[in-house]
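# Tertiary structure, described
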Amino acid sequence: MDQQQKPDFDVISVGAGFAGLALIHHLREAGLSIRVFDRASDIGGTWTWNRYPGAMTDSESYYYCLMFSKELLQEWSWTQRYPDWKETLAYMHFVADRCDMWPHIQLNTEIVAADYQKEKANWKVTTAGGESFTCKYFISSMGMISHPVIPDIKGKDSFKGPIFHSARWPEDLDYKGKRVGIIGAGATTVQLVPAIAADAAEVTVFHRTPNYILPAMQKPMTPEWEKEIKDNYDEIVAMCRNHGFGMAFGTANGRMAMETSAEERERIFEENWTGSFRWVFETFDDLLGSPEANRWASEFIIRKMRERINEPEIADILVPKADDYPLFAKRPPLDHDYLEAFNRDNVHVVDIKIREPLAEITETGIRTTKDHYEFDIIVLATGFQAYTGALEAFPIRGESGISLKEKWKDESQSIMGVCIADYPNLFTITGPQAPFANLPTSIGQNAVWIANCIKKMETEGYDVFKPRKEAEEQWSATVADIHVQTLMNSGDEVNSWMMGANLGDKKPRVLIYFGGANNYYDALDQSAEQGYPELEFEKLSAPNLDSGIAENNAKPHI
Ligand code: NAP
C-alpha cells in the first residue's frame, strides 16, 4: 500500500434524500467528515424529483419521517394524513436547517464514476464536471426507487409536444385545457389522474395490468390527533421497528382469515376499510401467507373497486380478476378518488393489454393497433428500475475493477442490502435484497448499522473491510428461500418491479427480502452485536494515521 494520505473526506455519499440526511446525522455524530453529493438542485431525493401533481406519500405522515431525534419529532407538525411532495420536502428542509446539515451537502453535482483504489484503500469519486474526490468510505444513499425506466416505444422522439417521464415533471408545465396521454397505470398514475382531471381538457390512460387499489382516505391532522401522536412517539418508533413492513401499524394479533367464518371475515374487512395499507395487516395475519386468505382479500378489494366505477366496461379494464395474480405480487397503489375520476366525461382508459396494444408514438399522439389518439402532452408513467437502477447508472467499480452493473448481470446479490462482496469500504442504504418497507424506517436502521461499523473500523484502527463472499451467498440463499415460499413469487408473471420484471432487458430476479422488515432489523442488530461477522477487517502495512474519529470534531447538532 502507498503511504496513506488523508482522503478528502472520511465518507462520501451520493443522494441527498432521507438516506443522505440520516447519514449526515449519524456519521457526524461519530465524528466523521462527510460530503453528500446530489445532482438535483435541491435536497429531497424522491420528493424533489417526483413533483407531478398529486405526488404524495402512501405511508402516513407521522411515521414517514426520520426518527433519530425526539426533539424533531415533537417540533414538526404535519398538516394531513398523507403529506404531498411539497410538505415532505418542507419537512426535509426543516431537518436540514434545524440540524445544520447544509455544510455537508453539495447539490447540482452529478457523480459519474466511483472507483475503489486498492493501493490507497480508498474510493475515488468523479463528478460530471471532471473533479474527483477521495474518501475512505463510499456510501450509496441514492434511493431504492429512483432510476426511471423509459420504455423503448417506436416513434417516442417524434412527438412534437412535451413528452417526459413522470419523475421528471417539468416545473412550468401548463396542462390546463390540454389533452394529456399517460402511458402506464401504476402508483404514480393512480395519484396523477385525479389531480389533473378537473383542469386538463382530456386525460387518457393507456393501461396494461390492473392493480389492486386500496383507498388512501386522506384527512387533515387535527390538534387532538397530533397530540395523541406526539404523546406516544416512543411507541410509534417501536411499532415501526417491530413491524414486518416498517410501518406504525397494529397487528391482527394472530387472527387468521382461514379460521374465521365468512360472515365474520366480511365484517372485519368492512370495519377496517378505513384507508392505508393497514387494512392488510390489521385485519388478519394470513392475507399474505395463505393463498386462500389472499384470494378473499383480493375479492373484497375487487368488489370495493367495482362499486366506485359507473361503467362496467371501464371497470373490466381497471379492476383485476382474482385469478390474475395474488394481492401484493405487485405493489398495490393507494388512491385518492382515482377510480371515480373515470366517471368523468373527460377521463378515459384504453386497454393496451388485450383490446388494442400500443403501436407507436406519433408527432401528434399515440397510435394503438385500432386507433390514433391526439394529445398535447404525453406522460411516461412507466416506473423505475428498483433497487439496482441508481447503483448501475454509473460505474461503481470494486476491488477487481468490475462495475456493479456487470456483477449483477444475472443476479443482484448483496449482504443484507448494505454491503457487496468485492466492494471494500462500500455501503449501500436499502440496496438489493433489503426488505421493501416504510423507507425512513429501513434507512434509519441501515444508517445506524453503517455508522457503528465505521466506528468499529476507526476505533480499532482498521483500514479496510471486505464483505465476505460466503456471507453474500448465504444472505442471497436466505432471501431466495423465503421468496419462493411467498405469494410475491409470481411477481415476474405480472411485470412487477419488485422482481425487476418490468425491465425488458434484464432477467427477473429476487430483489427483496420478504422475511419481514422486523426480522431484517434483528439481523442487522445481531450482526453489529457479533462484530460484523459478514465483513473481514484488515489493517494494511502503512496504517491510516489520519482516521476520521481521531481528528474530526463533531459539530454541535441534535
Ligand atoms: P409502476 O408501478 O412500475 O407502473 C408502471 C406502469 O407502466 C405499469 O402500469 C406498467 O404496466 C406500465 N408500463 C411500463 N412499461 C410500459 C410499456 N412499455 N408500455 C405500456 N405500459 C408500460 O411505476 P410507478 O407507478 O411509477 O410506481 C412505482 C413504484 O414507485 C410504486 O410501486 C411505489 O413503490 C413507488 N411510488 C410510490 C408512491 C407513493 O408512495 N406515494 C407514488 C408513486 C410511486 P405493467 O404493469 O403491465 O407492466
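All of these numbers come straight from a predicted model, not from anything done at the bench.

Reading the values: the criteria
Residues numbered from 1 in each chain as written. Predicted model: local features only at pLDDT ≥ 70, side-chain atom pairs only at ≥ 80, totals over all residues. Heavy atoms only, no water. Helix = DSSP H or I, 4+ residues; strand = E, 2+ residues; numbered from the N terminus. Rg over C-alpha atoms; globule rule 2.2 N^0.38 Å. Buried < 20%, exposed > 50% of the residue type's maximum accessible area, 1.4 Å probe, protein only. Contact = heavy atoms within 4.5 Å. Areas by Shrake-Rupley, 256 points an atom, 1.4 Å probe, with all protein chains shown as cover. Lys, Arg positive; Asp, Glu negative; His and termini not counted. Charge placed at Lys NZ, Arg CZ, Asp CG, Glu CD. Axes fitted to C-alpha atoms, helices over the stretch in contact; angles between N-to-C directions. Left-handed = near helix turned anticlockwise from the far one by under 90°. Nonpolar A, V, L, I, M, F, W, Y, C, P; charged D, E, K, R; others polar. 1 Å grid on protein atoms, 1.4 Å probe; cavity = no way out; pocket = protein on both sides within 12 Å on 5 of 7 lines; lining within 4 Å. Points joined across faces, edges and corners; volume = space filled by probe spheres on them. Domains from an automatic or database assignment. Buried area = accessible area lost by both parts, 1.4 Å probe. Salt bridge = Lys/Arg side-chain N within 4 Å of Asp/Glu carboxyl O. Polar contact = N/O pair within 3.5 Å; in protein donor to acceptor, adjacent residues only side chain to side chain. Pairing = 2+ DSSP bridges. Expected span 1.5 Å × (residues − 1). Near = heavy atom within 4 Å.

## What about the overall build of the chain?
Secondary structure summary: the chain contains 18 helices and 20 strands in total. For 558 residues, the compact-globule estimate of 2.2 N^0.38 gives 24 Å, and the C-alpha radius of gyration of the chain, at 24 Å, lies within 12% of that figure. C-alpha atoms of the chain, sized along the principal axes, occupy 75 × 55 × 45 Å. Counting across all 558 residues of the chain, residues that qualify as buried make up 60%. Across the chain, every contact between residues at least 6 apart in sequence was considered, and the portion connecting residues at least 24 apart equals 73%. About 22,000 Å² of surface is accessible on the chain, with carbon and sulfur atoms providing 47% of the total. With 56 positive and 83 negative side-chain charges, the chain shows a spacing of 3 Å between the two charge centroids.

## Side note on the packing of helix α1 (residues 18-29) against helix α15 (residues 439-459)
Helix packing geometry: the angle between the two helix axes and the distance between the axes. Contact pair α1 / α15: the axes reach a minimum separation of 9 Å and the direction vectors enclose 35 degrees. The hand of the α1/α15 crossing is right-handed. Counting all contacts with α1, which are made through F18, A19, A22, L23, H26 and L27, the residues of α15 involved are P440, I443, A447, V448, A451 and I454. Of the residues contributing to the contact of α1 with α15, the split by class is 11 nonpolar, 1 polar and no charged.

## Observations regarding the environment of M56
Among the structural elements, M56 can be located in the loop between α2 (46-49) and α3 (70-75). Separated by 28 residues in the primary sequence, M56 and D84 place their C-alpha atoms 3.8 Å from one another.

## Here we look at the layout of surface pockets
One simple way to see leftover space: roll a probe sized like a water molecule over the atoms. There is about 430 Å³ of room inside the second largest pocket. Elements with a contribution of two residues or more to the lining of the second largest pocket: α9 (278-282) and α17 (517-529). Residue contributions to the lining of the second largest pocket peak at 3 residues, all from α17. Of the residues that constitute the lining of the second largest pocket, the class distribution is 13 nonpolar, 10 polar and 1 charged.

## Considerations on the domain arrangement of the chain
Split by domain assignment, the chain resolves into domain 1 (10-147 + 386-551) and domain 2 (148-211 + 333-383). Here the C-alpha centroids of domain 1 and domain 2 sit 32 Å apart. Across the boundary between the two partners, domain 1 contributes 17 residues, which contact 18 residues of domain 2. Contact with domain 2 buries area across many residues of domain 1, yet Y52, P53 and D58 alone supply 38% of it, more than any other trio. The tally of links between domain 1 and domain 2 comes to 0 salt bridges. The interface formed by domain 1 and domain 2 contains 3 residue pairs in polar contact (both at pLDDT 80 or more).

## Here we look at the pattern of salt bridges
Scanning all chains against the criterion turns up 35 salt bridges. One salt bridge in this structure joins K304 and E270, with 2.8 Å as the shortest N-O distance. Of the two residues, K304 is situated in helix α10 (residues 291-307) and E270 in helix α8 (residues 262-271); the sequence distance between them amounts to 34 residues. Accessibility expressed as a relative area gives 40% for E270, which makes it partly exposed.

## Considerations on the sheet that holds strand β15 (residues 372-374)
Taken together, 3 strands build an open sheet; the order of strands is β13-β14-β15 and the sheet is antiparallel. On the outer flanks of this sheet lie β13 (358-361) and β15, each paired with one strand and no other. Going from strand to strand, the sheet's axes swing by 20 degrees on average, the running direction of each strand aside. Relative to β15, strand β14 (residues 365-368) is paired through 3 bridges, and the arrangement is antiparallel. By the bridge assignment, G365 is partnered in β15 with E374.

## Some words on helix α4 (residues 85-98)
Here α4 spans 20 Å end to end across 14 residues, near enough to the 20 Å set by a 1.5 Å rise per residue. Restricting attention to buried positions, one finds in α4 the residues W85, E87, T88, L89, Y91, M92, F94, V95 and A96. For α4, the secondary structure elements touched by its buried residues are α1, α2 and α3. Following α4 by one or two positions, D100 has its phi on the positive side, about 50 degrees.

## Things to note about the site of the ligand
In the vicinity of the ligand there are 25 residues, among which M56, A185, T188, T209 and K330 approach most closely. A distance of 2.3 Å separates a nitrogen atom of the ligand from a polar backbone atom of M56. Within the side chain of R331, a nitrogen or oxygen atom sits 3.2 Å from an oxygen atom of the ligand. Within the complex, the protein chains bury 86% of what would otherwise be the 910 Å² of accessible surface of the ligand. A per-element tally of the shell around the ligand places helix α5 (residues 187-196) first, with 3 residues.

## Remarks on the sheet that holds strand β12 (residues 347-351)
Strand order in this open sheet of 5 strands is β7-β16-β8-β9-β12, and the pairing throughout is parallel. Each edge of the open sheet is held by one strand with a lone partner, namely β7 (163-165) and β12. Geometrically, the sheet is characterised by an average inter-axis angle of 20 degrees between neighbouring strands, direction not taken into account. Sheet strands touched by α5: β8 (179-183), β9 (202-207), β12 and β16 (377-380). Its angle to β8, the strand with the most contacts, is close to 170 degrees.

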